[in-house]
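# Observations on chain architecture
This is what each chain is made of:
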Amino acid sequence: MRKLFTRKQTQTKTTSGPARGSLFRSLKVRIFALILLFGMVPALILSESLLGYYRDRVIAVRTSEAQTQLRVLANHLITYGYLDNPDNDIVSAELSQYSSFYDGRVLVINDALQVVDDTYNVSRGKTIVSGDVVKCLRQGSAASTSHYDEKDGYIEIVIPIAETASLEGQDTTGNAAKDGETIYGVLLSSVSTASIEAMHDALGQREMILALILLLVIIFLAVVFSYLLVKPFDRLTRKISDVREGYSSDPIEENAYTETAHIMTAFNQVLGRMRALDDSRQDFVSNVSHELKTPMTSMKVLADSLLSDPNTPPEMYREFLTDIDSELDRENKMIAELLNLAKMDRKQVTMNISTVDIGSLLEIVMKRVRPLAQKRDIELTLVQERDVSAEVDEVKMTMVFTNLIENAVKYNKDHGKVTVALNADHKNFTVTVEDTGVGIPEDSVARVFERFYRVDKSRSREVGGTGLGLSIVKSAVLLHKGSITVDSVYGEGTRFTVVIPLIYIQTKDATTAKALVVKREEGGSDEKN
Ligand code: ADP
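Computed from a predicted model, the values in this text were never measured in an experiment.

Conventions and cut-offs
Residues numbered from 1 in each chain as written. Predicted model: local features only at pLDDT ≥ 70, side-chain atom pairs only at ≥ 80, totals over all residues. Heavy atoms only, no water. Salt bridge = Lys/Arg side-chain N within 4 Å of Asp/Glu carboxyl O. Helix = DSSP H or I, 4+ residues; strand = E, 2+ residues; numbered from the N terminus. Contact = heavy atoms within 4.5 Å. Pairing = 2+ DSSP bridges. Axes fitted to C-alpha atoms, helices over the stretch in contact; angles between N-to-C directions. Core = buried A, V, L, I, M, F, W, Y, C linked by side-chain atoms within 4.5 Å. Buried < 20%, exposed > 50% of the residue type's maximum accessible area, 1.4 Å probe, protein only. Parallel < 35°, antiparallel > 145°, perpendicular 65-115°, else oblique. Left-handed = near helix turned anticlockwise from the far one by under 90°. Near = heavy atom within 4 Å. Polar contact = N/O pair within 3.5 Å; in protein donor to acceptor, adjacent residues only side chain to side chain. Areas by Shrake-Rupley, 256 points an atom, 1.4 Å probe, with all protein chains shown as cover. 1 Å grid on protein atoms, 1.4 Å probe; cavity = no way out; pocket = protein on both sides within 12 Å on 5 of 7 lines; lining within 4 Å. Sits in = over half its atoms within 2 Å of the grid points. Nonpolar A, V, L, I, M, F, W, Y, C, P; charged D, E, K, R; others polar. pLDDT = per-residue confidence, 0-100. Expected span 1.5 Å × (residues − 1). Points joined across faces, edges and corners; volume = space filled by probe spheres on them.

## Quick notes on the pattern of salt bridges
Side-chain pairs of opposite charge can arise where the charged atoms are in close proximity. Considering all chains together, one arrives at 14 salt bridges under this definition. Among the salt bridges present, the one from Arg447 reaches Glu450, with a minimum N-O distance of 2.9 Å. Taken together, the salt bridges that share partners define one network made up of Arg55, Glu150 and Glu197.

## Some details on the environment of Ala424
Along the chain, Ala424 falls in strand S10 (residues 417–424). A C-alpha to C-alpha distance of 6.9 Å links Ala424 and Val388, two positions 36 residues apart in sequence. Setting aside chain neighbours within four positions, we find Ala424 in contact with Arg386, Val388 and Phe429.

## Remarks on the sheet that holds strand S8 (residues 379–384)
Within the open sheet, the 5 strands sit side by side as S8-S10-S11-S13-S12. Their pairing is mixed. If you trace the sheet from one side to the other, it starts and ends with S8 and strand S12 (483–489), each paired once. Neighbouring strand axes in the sheet, compared pairwise and without regard to direction, differ in orientation by 10 degrees on average. Packing against the sheet, helix H8 (residues 358–375) makes contact with S8, S10 and strand S11 (428–435), and its axis sits at approximately 175 degrees to S8.

## Describing the nonpolar core
Counting residues in hydrophobic clusters, the biggest one holds 56 residues, and the most contacted among them are Ile358, Phe401, Leu404, Ile405, Phe429 and Val431. The element contributing the most residues to this core is helix H9 (residues 394–410), with 8 residues. If near-sequence neighbours (up to four positions away) are discounted, Ile405 is found in contact with Leu362, Val365, Met366, Val369, Leu380, Val420 and Val433.

## A short note on the packing of H8 against H9
Between H8 and H9, the shortest axis-to-axis distance is 9 Å and the interhelical angle comes to 40 degrees. As summarised for this structure, H8 and H9 are arranged oblique, according to the angle between their axes. For H8 against H9, the interelement crossing comes out right-handed. Between H8, through Ile358, Leu361, Leu362, Val365, Met366, Arg368, Val369, Leu372 and Ala373, and H9, the contact on the second element is made entirely by Glu394, Met397, Thr398, Phe401, Thr402, Ile405, Glu406 and Val409.

## Overview of the site of the ligand
As a matter of local geometry, the ligand sits amid 21 residues, with Asn407, Tyr411, Ser460, Thr466 and Leu470 nearest to it. Taking Gly467, its main chain carries an N or O atom lying 2.8 Å from an oxygen atom of the ligand. Leu470 has a polar backbone atom sitting 2.8 Å from an oxygen atom of the ligand. Protein chains shield 98% of the accessible area of the ligand, which is 530 Å² for the free molecule. Among the cavities detected, the one that contains the ligand is the second largest pocket. Only H9, helix H12 (469–479) and strand S13 (493–501) provide two or more residues apiece to the shell around the ligand. Ranked by residue count, the leading element in the shell around the ligand is H9, at 3 residues. For the shell around the ligand, the per-class residue count stands at 10 nonpolar, 8 polar and 3 charged.

## As for the confidence of the model for the protein chain
In this model, the protein chain carries an average pLDDT of 85, and 88% of its residues clear a pLDDT of 70 or more. Note that residues 167–172 has pLDDT below 50 and, in this model, 2 contacts with residues that lie over four places away or in other chains.

## A closer look at helix H2 (residues 27–79)
With 53 residues, H2 should reach 78 Å at 1.5 Å per residue; the first-to-last C-alpha distance of 77 Å fits that figure. One or two residues past the end of H2 sits Gly81, with phi positive at roughly 55 degrees.

## Remarks on the environment of Lys481
Mapped onto the elements of the fold, Lys481 is located in the loop between H12 and S12. Note on Lys481: relative accessible area 31%, which makes it partly exposed. Note: C-alpha distance between Lys481 and Tyr504 (23 residues apart in sequence) is 7.9 Å.

## As for the layout of surface pockets
Its volume calculated, the second largest pocket comes out at about 670 Å³. Surrounding the second largest pocket, 35 residues form its lining, Asn407, Lys410, Tyr411, Ser460 and Leu470 being those nearest its centre. With 7 residues, the top contributor of residues to the lining of the second largest pocket is H9. Among the residues making up the lining of the second largest pocket, the classes are represented as 14 nonpolar, 12 polar and 9 charged.

Right, here's the structure in full:
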């Protein structure tokens, strides 16, 4: 186990760790940035818009107040006939009071567009030809205007000096507007907004200070939250590291979030698989060593006994050397089978696919096994329901059938029977190898495909078995994307069923695609996949 993890560790070291210059890929940094963004941006937008709204409101109120005051002034101007006699002290005082209150200027203009009074005493007697003034003089209250000049900081208001006539056309001296207004002149006023701007700036400064404080608070919260939110992931990394370093081998848990729990479940599953793989690898290595050592031990015993006695008769030499020879054969067979298995275990195994007549293949295999069967008077029969041609690797398929039929003979009773049957549907062909042999105990049926598994070791050894045959069969069948099953009644017999697709389906990950040659006889030409 440790070895596995040590190797993993070196692999991980080369691939793990965030890529350089990718600070923003850190979850902590992202959470920090998001909190900062969602905390600061709305706060700034809100305060800016509130500030703007406040200024607009104050200006609107100031405009409306000034307009009301101007209307009162206009009434007084009419009442005191100020346009004809601008020396009225009361009205003059009211005008200058208005002017100082609003920090502005008022021009009293008569219907001849002449300035009757100017609180700045600059334009008195001059003629005003402003469009707004002319329009207001013509249209009366309907053409009252107010403009806010943000750049220069003042509000300009134009209102008529008018009275609503009680009788239509009563005053012939004034301009009669359509709605019955008699217009005597116009009041043009500018109201300074400097105090409003000053207030706005002061508030802006205060807002800046508040924004700074808010920024600091949000940064603090962002740091705390990004640390707290990512903490379970840090814990998870630490736990995984502990497993990697080999400090812990128990399944690990991190249930702070559903996501971390999912990651842990997946990790534990992978860990379980790795451990199972590691265990089976270890089992396999110890089995291989053990199995390879057994013939060695007997050869050593045989050789030692020959060496220890200088007077060993030549017949004894012959007998012992024959035994050593058969042990060497066994060892050779085992090594050859192990190599075979190792080859098939490799992901990039080469499949030499060609269209093969399966019936003929079975006949050839049975012909080879027949002498072995005849020795023990075992009847070997092939039942072929139909002609079957399939895309298979001929060598591997021969290995599959040879192993199964040989086993059916090896583990049979004398005078027994072996029936091989071949059938097919539109997709797959099926070969069953049925015998009337010793059978397999129920608890061993599931294990016969394991490497080195033998139900009866001494019997297997007697018949030259290695315990690898069925593992090879299974690997070869799986390489053809087929399946193999076994049914057995202990003491009565066994049936192996192999199902293989008629057309070989190449998987995407078969990196040996170039080496794979599929010969389709129907087309008459070789096709390279
Ligand atoms: P071996 O080299 O021992 O035959 P295999 O992998 O071919 O190894 O088979 C594994 C074990 O399965 C055998 O040792 C035997 O106990 C059992 N077995 C295989 N085929 C049969 C069969 N047809 N009838 C009974 N037992 C069988």
